[in-house]
Amino acid sequence: MSIAVKNLSFAYGSHKVLEDISFTAHEGEMVYVLGANGAGKSTLFRCILGLTDSYGGIVLLNGHDIRKFNPSQLAAQMAYIPQNTFPTFSYSVEETILMGRAAFIKPFHSPGKKDYVLVRDAMRQLNIEKLAQKSFKEISGGEQQLVIIARALVQQTKILIMDEPTSSLDFGNQLRVLRKVKELTKKGYLVILSSHNPEHAFLFADRVLALADGKVAGCGKPEEVLTKKLMQKLYKEEVDIGQVQWGERTISYCLPSLGGENEAYVSVG
Amino acid sequence: MTKLNGEKRGYDHNSWRFHFPHTQIIKRLSILSVIGLILFFVSFAIGRYYVPVIDVIKILFNLIFPLEPTWSSQAETVVLQVRLPRIIAAILVGGALAAAGSVFQGIFKNPLVSPDIMGASAGAGFGAALGLLLSFGYYGTSTTAFILGLVAVFIALVVGSKMKNNPTLGMVLAGIMVGSLFTAGVSFIKLVADPMDELPAITYWLMGSLASIRLGDLLFLFVPVLVGIVPLFLLRWHLNMLTLEDDEARAMGLNIRQLRIIVIICATLTTSACVAMSGMIGWVGLVIPHFARKMVGCNFQVMLPTSIVMGAGFLLAVDDLARIIASSEIPLGILTAFVGAPFFLHLILKKGREII
């Protein structure tokens, strides 16, 4: 199972959003897409998901051009987890997750036993069974994000595409959601997610794809890719990259400068 | 883990079905159906000429299994010729408008939307006014109204879909424009209409009434309403997907644009047919879906049928009122608002937080 993007380019009129993007991702990987606002992360996801086909280059799903798949075939292969959703109507958590089965429930049919079983399994997997009857609007942001992930899981795909899954969550919820996502990749899922938090990439990413001005600025292991120089290129900010020992693991982190003098902090590592 | 007593809102680990307590929904729906059924028979009985409910049941039963008549032939005429068509029309129109309102609210992800959002009522109203002005006769007027209702929505649909990045907003904007165009058309027709004869006819028609419906006319209402409602009913679970963002729904493998257009066509068929037959009856399509959601939740699978039943019951009750409240009939368009709006206001005051 893999996603391969080859020489992908995308433009709105004369404005080039993506230029010559290439990378490959395999099962069991958590790929972080980093980049400033407007770097083209969402557009990249739209292309990968087949939501637009006015791009140059090719996106291969298990070696096959995704343009050859129809929407329901694609939905059986990969699932999309949007940034954050603000539903107008208050569906219960269970009803919300059930919507992930849409592609598999024929028109004029209603969800059956199999669909409900999948919903229950997905809730178990993410430990949100207790929320089943709660209104989606009344649960916390972190729980909502887990519900939307569960909705993707019932599509029974092994590829999850997440657009800034933690952008509206508090510090603790961010980590709890990401740990769950990491668990999924250990079970063989391929997760591609975008983020504005390089620290999370250090903590969770197997691979980082850094986008700057629509081009690949770096791709590889987070420790190798996320250098001071690259951070400067991505975010136009001076940072210092340090390391701490956490049990067996050495974990990198980055600290921004206070500005003005461009003075970095004392490095611990 | 100890088993929960009564197992109310929780779910059963061994059961695959553990969504919103079925028993509760079933209880509420049975109460609703019983009220509806009583209302149905009572509607035949009441009016200027009172027919005992027992006679009503006998007269209706007599249609299927002939009975020895114990009722007057006058009662039979009133029940079958006068009241039956009205009652059926009220049920059809109420149910259809509530269904159309429910799905339009889903499509536009907005609980303040009513079936006329895309101009169907305005188009049909213009058609009817035109028909009355040019003396097309009853059937000619209804047909013109029906066709212009469809035309109005078709224009809004085509123009709206040109707004590629947000077709929903496009359709709302186009619908409002088309609607105001036809409303202006109605005003113009009123201006040039003969104030002694045509103008009152147009005005009265626009206020909505089921008084003039005869048994033979019902087919013109029945067919388009059924053609519209049956697909909506069969698609009811998928209607939930309309409330998602386009990208979300498409990534789930659904052809959301196709679904939306099918639903708009169905809802427009029913709305236009209702307006063509009974004039402008506002309010039902806007507020009945609220009550239905309040009662059984947002899931269209249950909410749509509930909404249809409630809409039918509500219009039937209001039409009964229209018949008995004053010596001359009060138009339905006025009465639906007089009855419904205060009730809704009361509801907002009482439990404002939970309305949607």
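The structure we're discussing is the one just above.
Below is a short write-up of the structure.

Rules and cut-offs
- Residues numbered from 1 in each chain as written.
- Chains lettered and ligands numbered in written order.
- Predicted model: local features only at pLDDT ≥ 70, side-chain atom pairs only at ≥ 80, totals over all residues.
- Heavy atoms only, no water.
- Helix = DSSP H or I, 4+ residues; strand = E, 2+ residues; numbered from the N terminus.
- Rg over C-alpha atoms; globule rule 2.2 N^0.38 Å.
- Buried < 20%, exposed > 50% of the residue type's maximum accessible area, 1.4 Å probe, protein only.
- Contact = heavy atoms within 4.5 Å.
- Areas by Shrake-Rupley, 256 points an atom, 1.4 Å probe, with all protein chains shown as cover.
- Pairing = 2+ DSSP bridges.
- Axes fitted to C-alpha atoms, helices over the stretch in contact; angles between N-to-C directions.
- Left-handed = near helix turned anticlockwise from the far one by under 90°.
- Nonpolar A, V, L, I, M, F, W, Y, C, P; charged D, E, K, R; others polar.
- Buried area = accessible area lost by both parts, 1.4 Å probe.
- Salt bridge = Lys/Arg side-chain N within 4 Å of Asp/Glu carboxyl O.
- Polar contact = N/O pair within 3.5 Å; in protein donor to acceptor, adjacent residues only side chain to side chain.

1. Some details on the overall build of chain B
The helix and strand inventory of chain B stands at 13 helices and 0 strands. Scaling as 2.2 N^0.38, a compact globule of 356 residues should have a C-alpha radius of gyration of about 21 Å, and chain B matches this with 22 Å. C-alpha atoms of chain B, sized along the principal axes, occupy 70 × 55 × 40 Å. Looking at chain B as a whole, 52% of its 356 residues are labelled buried. Within chain B, contacts between residues separated by at least 24 positions form 72% of all contacts whose residues are at least 6 apart in sequence. For chain B, the exposed area adds up to about 16400 Å²; of that, 70% sits on carbon and sulfur atoms.

2. Some points on the sheet that holds strand 5 (residues 64-65) of chain A
By way of backbone hydrogen bonds, the strands of a sheet pair with one another, either parallel or antiparallel. Residues and elements named next belong to chain A. The 4 strands lie next to each other as 2-1-4-5, forming an open sheet whose pairing is antiparallel. Taken across any chain shown, the strands that pair with only one partner, and hence form the sheet edges, are strand 2 (15-26) and strand 5. With 5 bridges joining them, strand 1 (residues 2-12) and strand 4 (residues 56-61) adopt antiparallel strand pairing. Across the sheet, the residue bridging to Ser 9 is Gly 56, located in strand 4.

3. Notes on the packing of helix 4 (residues 120-133) of chain B against helix 10 (residues 256-278) of chain B
Residue and element names in this part refer to chain B. The contact between helix 4 and helix 10 brings their axes to 9 Å, and the two run at 35°. Read as a crossing pair, helix 4 and helix 10 show a hand that is right-handed. From helix 4, Ala 120, Ser 121, Ala 124 and Gly 125 reach across to helix 10, where they touch Thr 268, Thr 271, Ser 272 and Val 275. Taken together, the residues of the contact of helix 4 with helix 10 break down into 3 nonpolar, 5 polar and no charged.

4. Quick look at the interface of chain B and chain A
The partner chain A presents 42 residues to the 37 residues of chain B that form the contact. Between chain B and chain A lies a buried interface of about 3500 Å² when both sides are counted; carbon and sulfur atoms form 61% of it. The interface formed by chain B and chain A includes 2 salt bridges. Among the ionic pairs, Asp 247 of chain B bridges to Arg 46 of chain A, the shortest N-O distance being 2.3 Å. Summed over the shared surface of chain B and chain A, the result is 7 residue pairs in polar contact (both at pLDDT 80 or more). At the level of secondary structure, the elements contributing two or more residues to the side of chain B that touches chain A comprise helix 3 (73-107), helix 8 (218-234), helix 9 (246-251) and helix 12 (300-324) of chain B.

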